Amino acid sequence: MKKMIIICFTLMLAMTGGCSMNDKQNSKEDNNTEAVKPIDIDPKDLPKVPAFQDKETRKYMASTKEVEPGYYLLESKLNGFTIAFPDNGKIVQRLTENDGENYESIVFEGHNSKTNIYIGGDLSYYYKTSIVDNIEMMLDAVKGQNGYKGDFDKIEKPGKEIYFAFTKTVFNNPDRKYNDSYMYFGYIKSTEVKHSGIDFSFIINCHDDKKPCILNEKKAKAEAKKMIDSITFNVNNKEQKNGK
């Protein structure tokens, strides 16, 4: 289903003559980013966590300042959005891509060695195509990607509308001690940047099923919501703001 979205997205660009973000936008820095990017800093001077010590992930990190304990600011390559990124996360390079203009996917995974909790994430960013304004169509695609048939909760926040859902899987494996896996997925529509949206999914479970792991629905939801709520579309010029 995600391939279907990309195909439709490409067709819409061809019909509407979608354009890329201009140089002025790309040259401006978000208030939360640093003048010197982490990728330009010697790794030995960076936080000793995977998000900065992994070379590919470091390219996405916007700042060495924690946005909250255990999370740092990640910025998409297209400068389309930012997200609070777990310090133990690593970009999965083979699954992460962008077309240089209007589409970007970011896939990551990581686990906390102290809590034994694994978090995996998959985000797809769409820009400058009216297909992302069709909420029903986007949510149908998200349902197909995740094998989901239920409804989505809607939350309105400054600059965005969030639609999200949740499923719990219990592994049918008597040899697996920690059997619960939680998935949070949905779609975010920008209310400030015209034709801009993100579909997302986060999976949270115990990394090593043989080791202690304190994980329940409340804790998993808190971790997922932390990332979902932090997603912010970049609004850096008048051409983007208010859909102009």
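The coordinates are above.
A. Structural context of the overall build of the protein chain. Summing up its helical and strand segments, the protein chain has six helices and twelve strands in all. Looking at the 244 residues of the protein chain, the share that counts as buried comes to 49%. Intrachain contacts of the protein chain at a sequence separation of at least 6 include 59% that bridge at least 24 residues. For the protein chain, the accessible area works out to roughly 12600 Å², and carbon and sulfur atoms hold 49% of it.

B. Representation of helix H6 (residues 217–230). If you check H6, its first and last C-alpha atoms are 20 Å apart, about what 14 residues at 1.5 Å a residue would give, namely 20 Å. Every buried residue of H6 is listed here: Ala220, Glu223, Ala224, Lys225, Met227 and Ile228. Its side-chain oxygen at 3.2 Å from the backbone nitrogen of Lys218, Asn216 defines the N-terminal cap of H6.

C. Representation of the pattern of salt bridges. Evaluated as defined, the whole model comprises nine salt bridges. Its salt-bridge partner being Lys226, residue Glu68 comes within 3.6 Å of it at the nearest N-O pair. Remark: Lys226 occurs in helix H6 and Glu68 occurs in strand S1 (residues 61–68); sequence separation between them is 158 residues. Taking relative accessible area as the criterion, Glu68 reaches 33% and is therefore assigned partly exposed. Residue Lys226 is classed as partly exposed on the basis of its relative accessible area of 24%. Linking Lys168 and Asp180 is a salt bridge whose minimum nitrogen-to-oxygen distance equals 3.7 Å. Remark: Asp180 occurs in strand S10 (residues 180–190) and Lys168 occurs in strand S9 (residues 160–170); sequence separation between them is twelve residues.

D. Representation of the pairing of S9 within the structure. Both strand S8 (residues 153–157) and S9 contribute to a ladder of five bridges, which runs antiparallel. Within S9, the residue paired with Lys157 across the bridge is Lys160. Between S8 and S9, which pair antiparallel one after the other, the connecting turn spans two residues, and Gly159 there sits at a positive phi close to 85°. Two elements, S9 and S10, share eleven bridges in a ladder whose sense is antiparallel. If you follow Phe166 over to S10, its bridge partner there is Tyr184.

E. Looking closely at the side chain of Ser76. The topology assignment puts Ser76 in the loop between strand S2 (71–75) and strand S3 (81–86). The exposure class of Ser76 is buried, given its relative accessible area of 4%. Reaching out from Ser76, the side chain makes a polar contact with the backbone nitrogen of Gly80 at a distance of 2.8 Å. Those residues within four positions of Ser76 in sequence are excluded, and the remaining contacts are Phe81, Glu104 and Ile106.

F. Summary view of the pairing of S2. Counting buried residues along S2, five of its five residues qualify, which places the element largely inside the surrounding structure. Taking every second residue as pointing to the same face, both faces of S2 are buried, with Tyr71, Leu73 and Glu75 on one and Tyr72 and Leu74 on the other. Pairing geometry for S1 and S2, over three bridges, is antiparallel. Its bridge partner lying in S2, Glu66 is registered against Tyr72. Taking the residues that link successive antiparallel strands as the turn, the S1-S2 hairpin has two residues, and the phi of Gly70 there is positive, at about 85°. From the end of S2 to the start of S3, which pair antiparallel, there are five residues, and Asn79 there has a positive phi angle of about 60°.

G. Main features of the sheet that holds S1. With antiparallel pairing, four strands are arranged side by side in an open sheet as S1-S2-S3-S12. Two strands in the sheet have a free side with no partner beyond their single neighbour: S1 and strand S12 (232–233). Two strands pair when backbone bridges link them, and S3 and S12 are joined in this way by two bridges, in the antiparallel orientation. Each residue of the ladder has a partner; that of Thr82, found in S12, is Thr232. Contacts from H6 reach S1, S2, S3 and S12 within the one sheet, and its direction differs from that of S3 by about 155°.

About the cut-offs
Residues numbered from 1 in each chain as written. Predicted model: local features only at pLDDT ≥ 70, side-chain atom pairs only at ≥ 80, totals over all residues. Heavy atoms only, no water. Helix = DSSP H or I, 4+ residues; strand = E, 2+ residues; numbered from the N terminus. Buried < 20%, exposed > 50% of the residue type's maximum accessible area, 1.4 Å probe, protein only. Contact = heavy atoms within 4.5 Å. Areas by Shrake-Rupley, 256 points an atom, 1.4 Å probe, with all protein chains shown as cover. Expected span 1.5 Å × (residues − 1). Polar contact = N/O pair within 3.5 Å; in protein donor to acceptor, adjacent residues only side chain to side chain. Salt bridge = Lys/Arg side-chain N within 4 Å of Asp/Glu carboxyl O. Pairing = 2+ DSSP bridges. Axes fitted to C-alpha atoms, helices over the stretch in contact; angles between N-to-C directions.

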